[in-house]
Amino acid sequence: NNEKSVPQLLIRDLKFEKKSLAKLMFSPDQENHPSKAPVKYGELIVLGYNGSLPNGDRGRRKSRFALFKRPKANGVKPSTVHVACTPQAAKAISNKDQHSISYTLSRAQTVVVEYTHDSNTDMFQIGRSTESPIDFVVTDTVPGSQSNSDTQSVQSTISRFACRIICERNPPFTARIYAAGFDSSKNIFLGEKAAKWKTSDGQMDGLTTNGVLVMHPRNGFTEDSKPGVWREISVCGNVFSLRETRSAQQRGKMVENETNQLQDGSLIDLCGATLLWRTAEGLSRTPTVKHLEALRQEINAARPQCPVGFNTLAFPSMKRKDVVDEKQPWVYLNCGHVHGYHNWGNKEERDGKDRECPMCRSVGPYVPLWLGCEAGFYVDAGPPTHAFSPCGHVCSEKTTAYWSQIPLPHGTHTFHAACPFCAHQLAGEQGYIRLIFQGPLD
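Just so you know, these numbers come straight off a predicted model, no measurement behind them. (Residues numbered from 1 in each chain as written. Predicted model: local features only at pLDDT ≥ 70, side-chain atom pairs only at ≥ 80, totals over all residues. Heavy atoms only, no water.)

This brings us to the overall build of the protein chain. Of the regular secondary structure elements, the protein chain holds seven helices and 29 strands. Here the protein chain holds 442 residues, and the buried ones make up 51% of them. Partitioning the intrachain contacts of the protein chain with sequence separation of at least 6 by distance along the chain shows that 65% fall at a separation of at least 24. In the structure as shown, the protein chain presents an accessible area of about 21000 Å², 49% of it carried by carbon and sulfur atoms. (Helix = DSSP H or I, 4+ residues; strand = E, 2+ residues; numbered from the N terminus. Buried < 20%, exposed > 50% of the residue type's maximum accessible area, 1.4 Å probe, protein only. Contact = heavy atoms within 4.5 Å. Areas by Shrake-Rupley, 256 points an atom, 1.4 Å probe, with all protein chains shown as cover.)

Rendered as structure tokens:
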């Protein structure tokens with residue numbers, strides 16, 4: 001067994017400079033004058049993008065969106081309810097300055113709920129539409145797609161006006177999520193086919209076609225996090241168990257003891273894209289891009305080597321995160337042995353996908369390793385010792401363990417664990433592997 005004679009190291013054996021990394025742990029917001037900084041409620045990060053959209057972040061289309069306190073409150077709250085098609089109801093719908101939600105019960109009957117200005121809250125809207133009421137434009141995530149051209153051919157299942165988040169303007173700046181967003185005429189229409197009902201206190205409520213699902217993690221978003229239970233959020237922000245399929249007419253059971261309040265690490269699924277909510281406080285405890293860059297340099301400084309070619313390996317800079325570099329580390333996903341790229345052990349009869357590891361002879365996929373650059377997905381600031389399988393995205397052990405346990409909605413009725421950096425469905429027993437590097441021979 002030639003394994004014992006070769007010096008091997010796990011990245012955790014590297015002596016990380018605690019002090020220098022501690023300096024980098026604080027988010028940029030804390031470094032700049034905290035007193036002058038606008039109040040940040042939190043950020044939404046789209047799963048499947050490793051730091052930016054494939055063709056770059058532009059305007060309201062980007063991989064992460066920060067919610068800041070608005071100069072002037074724009075929140076709304078329900079006020080008058082109009083039943084049947086009265087002139088007042090028609091007026092509320094046609095009034096472009098009046099927010100309203102219309103519930104069509106039948107051709108003869110519509111209930112219109114007028115909404116009035118709320119000076120204590122800010123409203124942010126998310127959806128596929130590029131119309132001006134949408135603050136954050138979200139398109140369908142195609143796993144591992146490198147360019148937006150890959151995504152355009154897909155018929156979108158994300159609603160044009162998918163959901164809205166209402167944030168309290170005063171501490172503790174509570175954020176709540178509601179299904180559906182107001183369109184350019186400040187209306188939300190729930191047609192005849194949408195699931196809707198009268199609540200016990202005489203108000204109306206309903207669900208959108210494909211629904212807005214939310215999962216709050218247990219123990220917050222920390223190294224002790226555990227997945228929570230997926231729920232559906234209604235137009236009025238009530239919480240329900242899931243429908244049988246995404247767009248079934250029958251709503252789930254109301255969950256009385258849960259709320260639509262977002263917590264650090266809450267996941268929001270819009271049927272086509274999943275967003276991670278991070279609070280401003282949670283982000284202040286999260287590693288920064290600077291910290292991840294320091295970890296990358298720390299690994300490269302240890303000069304890990306390819307056990308076959310003895311050439312030094314190095315993770316490419318974060319900016320070059322899509323182009324395979326000649327020094328790029330590659331890994332055998334069944335055993336975790338890290339190599340440089342080589343043609344050794346290619347099995348022709350296995351479609352060229354599976355390779356035999358020269359170190360331990362285990363056969364399996366052989367893929368390049370990429371650093372996870374989106375710091376918001378990390379549950380801790382640990383060194384990048386593990387990689388997701390089969391995509392090869394590298395991050396801390398606790399982060400791989402957390403995401404590999406989370407069932408993410410896929411299509412209209414299935415769930416599976418996926419890499420947060422590229423949205424690829426995880427494979428293998430655990431969905432991730434511990435990396436074994438070889439140290440320099442000198």
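From this point on, the discussion continues.
Within the protein chain, residue pLDDT values average 87, and 85% of them lie at 70 or more. The low-confidence segment residues 1-6, where pLDDT is below 50, has eight contacts with residues more than four positions distant or belonging to other chains. Ignoring residues within four places in sequence, the model shows residues 15-33, a span with pLDDT below 50, making 31 contacts including any to other chains. (pLDDT = per-residue confidence, 0-100.)

Ordered by their spatial adjacency, four strands build an open sheet running β20-β19-β22-β21, and the pairing between neighbours is antiparallel. Either end of the sheet is taken by a strand with one partner, and the two such strands are β20 (338-339) and β21 (354-356). Sheet analysis places strand β19 (residues 330-332) next to β20, joined by two bridges and oriented antiparallel. From the neighbouring strand, Val331 faces β20, where its bridge partner is Val338. (Pairing = 2+ DSSP bridges.)

Another point: the pattern of salt bridges. Here the structure, examined in full by the defined rule, presents 15 salt bridges. Arg64 serves as the salt-bridge partner of Glu43, at 2.6 Å between the closest nitrogen and oxygen. Of this pair, Glu43 sits in strand β2 (residues 40-46) while Arg64 is found in strand β3 (residues 64-68), placing the two residues 21 residues apart along the sequence. You can call Arg64 partly exposed: its relative accessible area is 24%. A salt bridge links Arg285 to Glu281; the nearest nitrogen and oxygen atoms lie 3.2 Å apart. If you follow the salt bridges from partner to partner, you end up with Lys40, Glu43, Arg64 and Glu374 in one network. (Salt bridge = Lys/Arg side-chain N within 4 Å of Asp/Glu carboxyl O.)

Let us now look at the sheet that holds strand β16 (residues 239-240). Pairing between the strands of a sheet is mediated by backbone hydrogen bonds and can be parallel or antiparallel. Strand order in the open sheet formed by seven strands is β3-β2-β18-β17-β14-β15-β16, and the pairing between neighbours is antiparallel. The sheet terminates laterally at β3 and β16, the two strands that pair on one side only. One ladder, built from three bridges, connects strand β14 (residues 212-215) with strand β15 (residues 231-233); its direction is antiparallel. Of the residues in β15, the one forming a bridge with Val214 is Arg231.

A word on the nonpolar core. Counting residues in hydrophobic clusters, the biggest one holds 45 residues, and the most contacted among them are Leu44, Leu67, Ile126, Ile165, Ile177, Ile268 and Leu270. In this view, Ile126 contacts Leu44, Ile134, Phe136, Val138, Phe161, Ala162, Cys163, Ile165, Leu270 and Leu275; residues no more than four positions away in its chain are not counted. If you look at the next biggest cluster of nonpolar residues, it comprises 31 residues, including Ile45, Leu213, Trp230 and Cys419. (Core = buried A, V, L, I, M, F, W, Y, C linked by side-chain atoms within 4.5 Å.)

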